[in-house]
Amino acid sequence: MKWSIPVGEFRGIKVYIHWTFLLLLTWIGFSSYRVAKSTEQVWLSLGYIISLFACVVLHEFGHALTARRYGIKTKDITLFPMGGMARMEKMPESPGAEFVVAIAGPLVNVVIAGLLFLYMYFSPTLYRLGFPTGAMTAEQFLPSLFLVNVIMAVFNLIPAFPMDGGRILRALLSLKFERAKATAIAANLGQFIAIGFILLGLFYNIWLVFIGIFIYLGAGAEASQEYVQRDLSAHTVAHLLMTKFTVLKSNDALGAALRALLDSQEREFLVAENEQITGVLTRDEMLAGLSQFGQNVQIGKIMRRDIRFLPPQMPVTEALQIMTALNIPMLPVGYPGQLLGVIDIENISEYLLIQKAMR
Ligand SMILES: [Zn+2]
């Protein structure tokens, strides 16, 4: 994630703070400093912020470590003002796993709240529930932390993407409906709730408007991603391969490639060396090569050689993953020595547009 500051690592999962979260912390720190009457209150406010931060991190580790039990790795955890985000390799596919992974986060907050409650209940000190109106005091520290954890649990259980409650709802709906359909229902409900938040927010609290917009966008993204996944996983590379394409020779000059680029709709070209496909020349390489070496440079010198042949029976989702990982928009289909066609990102996205229009 861009603009994030690393703060630590646990069990191979790195934790980052997004700069917007840091902004919020600074703001809370600064405003509590202004109302604080003693250095003790300033320290208490800082301690409170760090405890809040720790609760969000623990919530995310609840998801991450549960997901690990299902063999899903988490790349990292980033903290945003709206909460944390654990970036998992993939989402759990079975409804059962999704349910357990999604509920693990809010459960962490329930456990923290429960422990704080027990401690306050049996402690000789008399605690009063509520948030401080001015600076943080020692008596208000634990009740505030307790309340925040209750709020975190309840807020995350709102049945709307991208909240945990949205995933829990989808997992439950998946028992009855196909996954893309379950996602669509959960996403629609999420957007409905989001609009409710926005309307309420306009009258009561501007924060609700932000939260509403956040949920609205998240729900839409989740639904379309799920449809994309479904449309693509039903097809193999052989379905989408193109058979009309130009092959350039590696000892041709770049000028020849530029003419081919201008003459046709193609933007990337396969390159052959001794009758074998050994590279791909993309528009980016052509432009970079032109400014660096001029148009007489041999194509073989500037083409991408780190390519792979995609077998025709490979699912399109997998092909897309490989193309994204290699950061290359086109790859040959077939096997070394046996070229069947090419597949490119533009082609895949056109196919997705057609599928979307037919829904
Ligand atoms: Zn969560």
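Residues numbered from 1 in each chain as written. Predicted model: local features only at pLDDT ≥ 70, side-chain atom pairs only at ≥ 80, totals over all residues.

Asks: Sorry if this is basic, but what is going on with the sheet that holds strand β5 (residues 247-249) here?
Replies: Strand pairs in the sheet, formed through backbone hydrogen bonds, run parallel or antiparallel to each other. The mixed open sheet is built from 3 strands, whose spatial order is β5-β6-β7. Edge strands, defined here as strands with exactly one partner in the open sheet, are β5 and β7 (276-281). Across this sheet, the average inter-strand angle for adjacent strands is 40°, counted without regard to direction. For β5 and strand β6 (residues 269-273), the ladder comprises 3 bridges, and the chain directions are parallel. Bridging across to β6, K249 finds its partner in A272. (Pairing = 2+ DSSP bridges. Helix = DSSP H or I, 4+ residues; strand = E, 2+ residues; numbered from the N terminus. Axes fitted to C-alpha atoms, helices over the stretch in contact; angles between N-to-C directions.)

Asks: What is the right way to look at the nonpolar core in this model?
Replies: Where a protein is soluble and globular, its nonpolar side chains tend to be buried together. Ranked by internal contacts, the top residues of the largest apolar core, which has 43 residues, are A160, F161, A194, I215 and A219. When contributions to this core are tallied by element, the ones reaching two or more residues are β2 (13-18), α2 (39-69), β3 (74-80), α3 (95-122), α4 (138-156), α5 (164-174), α6 (179-203) and α7 (206-233). In terms of residue count, the dominant contributor to this core is α3 (8 residues). When residues are assigned to domains, this core turns out to be shared by domain 1 (1-157) and domain 2 (163-234), each giving three or more. In contact with F161, not counting residues within four places along its chain, are G166, A186, A187, G190, G218, A219 and E222. Judged by nonpolar contacts, the second largest core, of 26 residues, contains L241, L281, I328 and M330. (Core = buried A, V, L, I, M, F, W, Y, C linked by C-beta atoms within 7 Å. Buried ≥ 20, exposed ≤ 12 C-beta atoms within 10 Å, placed from the backbone. Domains from an automatic or database assignment. Contact = placed C-beta atoms within 7 Å.)

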